[in-house]
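Structural description and commentary
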Amino acid sequence: MPFLNIYNISTISIYLKFMTVQVNYINKDKSSDLGVIALFADEKFQIKNINDFFSKNETSYFEKILKNKKNTKESVISFNINEKSTVILISIKKNLKGSGVENLGALFYDFIKKNSIKNLSINSESIKSKPGKDFIGRFMHGLKLKSYEFNIYKSKKTKNIITINLIGKQSSSSLKNKLKFKALEEGVNFTRDLVSEPGNILHPDEYAKRLLKLKKYGLKVTVYDEKKLKKLGLNALAGVGQGSIRGSYLVTIEWNGLKAKSKPLAFVGKGVCFDTGGISLKPARFMEEMTYDMAGSAVVAGLMKNFAIRKAKINAVGVVGLVENMPGGNAQRPGDIVKSYSGKTIEILNTDAEGRLVLADALTFTEKKFKPQFMIDLATLTGAIIVCLGEEYAGLFSNNDNISKKLFEAGEKVNEKVWRLPLHKNYDKLMDSKTADVQNINYAGGAGSITAAQFLQRFIINKTPWAHLDIAGMAFSKKAANLNPGGATGFGVRLLNRLTEDNYE
């Protein structure tokens, strides 16, 4: 759920993760008595209509203070203007475009948090020239996304109250975008919540139950348990989880926003709730981070929740494979051969290359059952993609130039960037098995992310347009940046929502 909600005209309170936020609209002629007031200014901290907000004496003092701030490189500054009021100035740089407005909102949130400001007002009419449409809506959208915290397991639960008074009229575009921003915030933060949960809480059994709760938003949710998986022949997926005492599941989440029965857009996610590596056990150091190996599935869940809340005019389906990869007595062994849902056999050379096994069955199942316009899968699939792209870009692999171009453009607009890497038949020889149709790892060395994607491509049976996003470097971050407060980022929800809005609605 969002941390802040600025759009309801009446005062509201939201109790979320032990933080309460109150928001209300007020008349602008009371601005000088509001305690802490934030105003928007140009890059030199000048306000064109300053006399609308302050008395003549205050304005004179205000201008003296700004003379000492001329050369500051900061985007947010504050100072006391009288005994009652503190002014915060937010500088809007020239040529502020795209996600820059959201990033400015996030920067402002960092400022008020650092300075322990609990009660403030923001005047949305304090600058005549505002970059782009619905400036204040996008500004607050960034603020809310940055304000996310996951602290439900703290034993000391203290309530922190932040009150925001928003001064100014809501434009028609602001009202129109109200639900879209709310839906995105709920979708992103639902994804973050899922990724942040520890493995002992969000195991596959619990995860499937939480996804069933999405029905209340109008989504159709179907859970295929282990018995059904084996009956259908999804043996590659089921094999990953057979060493765990928890169940393995495939869950489909459908949104039908169009009356016409058009082909749906399909989003597929890897949901390995905890990855020990199985019999091919990972090193102990940093293994605790493998709670977020289900981030791809969480993005799909958050995206579908977003579609439902904002009543997206599309038909879409999310498909997630939920497993736990454990080294139990019944665990899959290196050297095992399994028959996938596609009918192709897979030799398991390394049980830590398990995500591609989950996706192989999920992709083929999605293609056969739903016959979608396209399929996009998301997975924390390889460490190699982090070596290649770090925490700046997700790896993009695709059999379709058109969908790749659209993904790249959407990523640039919302600052959830993707970079396309090659797929080529020459890589197939690195994944050919001597005893089965394909092996699950490239032991020749090199091209780890590419060969993983090349493996997945073999399970696209009917040449459906497909893209694979390797988000291993993007799903979780130990440092805060842009709209990410640190921890689970929710990367992918805004990207795929923008892709959908721009091209399919």
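Residues numbered from 1 in each chain as written. Predicted model: local features only at pLDDT ≥ 70, side-chain atom pairs only at ≥ 80, totals over all residues. Heavy atoms only, no water.

**Overview of the packing of aromatic side chains**
In this description, a pair of aromatic rings is defined by centroid distance and the angle of the planes. According to the stated counting rule, one finds 14 aromatic pairs in the structure shown. Look at Phe135 and Phe139: their rings are 6.1 Å apart centre to centre, the planes differ by 25°, and that puts the pair in the stacked class. In this pair, Phe135 and Phe139 are both assigned in helix α3 (residues 135-146), four residues apart and thus about one turn of the helix distant. Assigned by exposure class, Phe135 and Phe139 land together as buried. The interplanar angle of 50° and the centroid separation of 6.2 Å between the aromatic rings of Phe267 and Phe307 together place this pair among those described as tilted. With Phe267 in strand β10 (residues 265-275) and Phe307 in helix α8 (residues 295-309), the pair connects residues that are 40 residues apart, well separated along the chain. Here the guanidinium or amino end of Lys368 rests over the ring plane of Tyr341, the centre of that ring lying 5.0 Å away. Geometry around Phe370 places Lys369 over its ring, the cationic atom sitting 5.7 Å from the centre. (Phe/Tyr/Trp six-rings, centres within 6.5 Å; stacked < 30°, edge-to-face > 60°. Helix = DSSP H or I, 4+ residues; strand = E, 2+ residues; numbered from the N terminus. Buried < 20%, exposed > 50% of the residue type's maximum accessible area, 1.4 Å probe, protein only. Lys NZ or Arg CZ within 6 Å of the ring centre and 35° of its normal.)

**Comments concerning the sheet that holds strand β14 (residues 374-379)**
Taken in spatial order, the eight strands line up as β8-β9-β11-β10-β14-β18-β15-β16 in an open sheet, and their pairing is mixed. Edge strands, defined here as strands with exactly one partner in the open sheet, are β8 (220-224) and β16 (418-420). The mean angle between the axes of side-by-side strands here comes to 20°, regardless of whether they run parallel or antiparallel. The pairing of strand β9 (residues 249-256) with strand β11 (residues 315-325) spans eight bridges and is antiparallel. Its bridge partner lying in β11, Tyr249 is registered against Leu322. Along the sheet, α8 contacts β9, β10, β11 and β14; its crossing angle with β10, the most-contacted strand, is approximately 135°. In the packing of helix α11 (residues 401-414) onto the sheet, the strands contacted are β14, β15 (394-398), β16 and β18 (466-470), and the crossing angle to β16 comes to about 150°. (Pairing = 2+ DSSP bridges. Axes fitted to C-alpha atoms, helices over the stretch in contact; angles between N-to-C directions. Contact = heavy atoms within 4.5 Å.)

**Comments concerning the pattern of salt bridges**
Taken as a whole, this structure holds 26 salt bridges when the rule is applied. The closest approach of N and O atoms between Glu391 and Lys479, which form a salt bridge, is 2.8 Å. One end of the pair, Glu391, is in the loop between α10 (384-389) and β15; the other, Lys479, is in the loop between β19 (476-477) and β20 (487-488), with 88 residues separating them in the sequence. A residue is classified by how much of its surface remains accessible, and Glu391, at 35% relative accessible area, is partly exposed. With relative accessibility at 47%, the residue Lys479 sits in the partly exposed group. One salt-bridge network, in which partners are shared between bridges, spans Lys182, Glu186 and Lys305. (Salt bridge = Lys/Arg side-chain N within 4 Å of Asp/Glu carboxyl O.)

**A look at α8**
Between its terminal C-alpha atoms α8 stretches 21 Å, which fits the 21 Å expected from 15 residues at 1.5 Å a residue. Most of α8 is tucked away, with 15 of its 15 residues classed as buried. Just downstream of α8 lies Lys311, where phi reads positive at about 55°. (Expected span 1.5 Å × (residues − 1).)

**Examining the sheet that holds strand β17 (residues 438-439)**
Pairing in this open sheet of three strands is mixed, and the strands run β12-β13-β17 from one edge to the other. Strands with a single pairing partner mark the edges of an open sheet, and in this sheet they are β12 (337-339) and β17. The pairing of strand β13 (residues 345-347) with β17 spans two bridges and is classified as parallel. The residue of β17 that forms the bridge with Ile346 is Val438.

**Looking at the pairing of strand β6 (residues 119-123)**
Counting buried residues along β6, four of its five residues qualify, which places the element largely inside the surrounding structure. As defined by bridge partners, strand β3 (residues 36-41) adjoins β6 across three bridges and the pair is classed as parallel. Across the sheet, residue Ala38 finds its bridge partner in β6, namely Ile122. Bridge analysis of β6 against strand β7 (residues 160-167) gives five bridges, and the strand direction is parallel. Paired with Asn123 across the bridge in β7 is Ile167.

**Quick look at the environment of Ile461**
Along the chain, the position of Ile461 falls in the loop between α12 (448-457) and β18. Look at Ile461 and you get partly exposed, because its relative accessible area is 36%. Spatially, the C-alpha atoms of Ile461 and Asp336 are 23 Å apart, while their sequence positions differ by 125 residues. Not counting residues up to four positions away in its chain, the partners in contact with Ile461 are Ser342, Thr364 and Glu367.

**A word on the pairing of β14**
Counting buried positions along β14 gives six out of six residues, so the element sits mostly inside the fold. Pairing geometry for β14 and β18, over five bridges, is parallel. Within the sheet, the bridge partner assigned to Ile376 lies in β18 and is Ala467.

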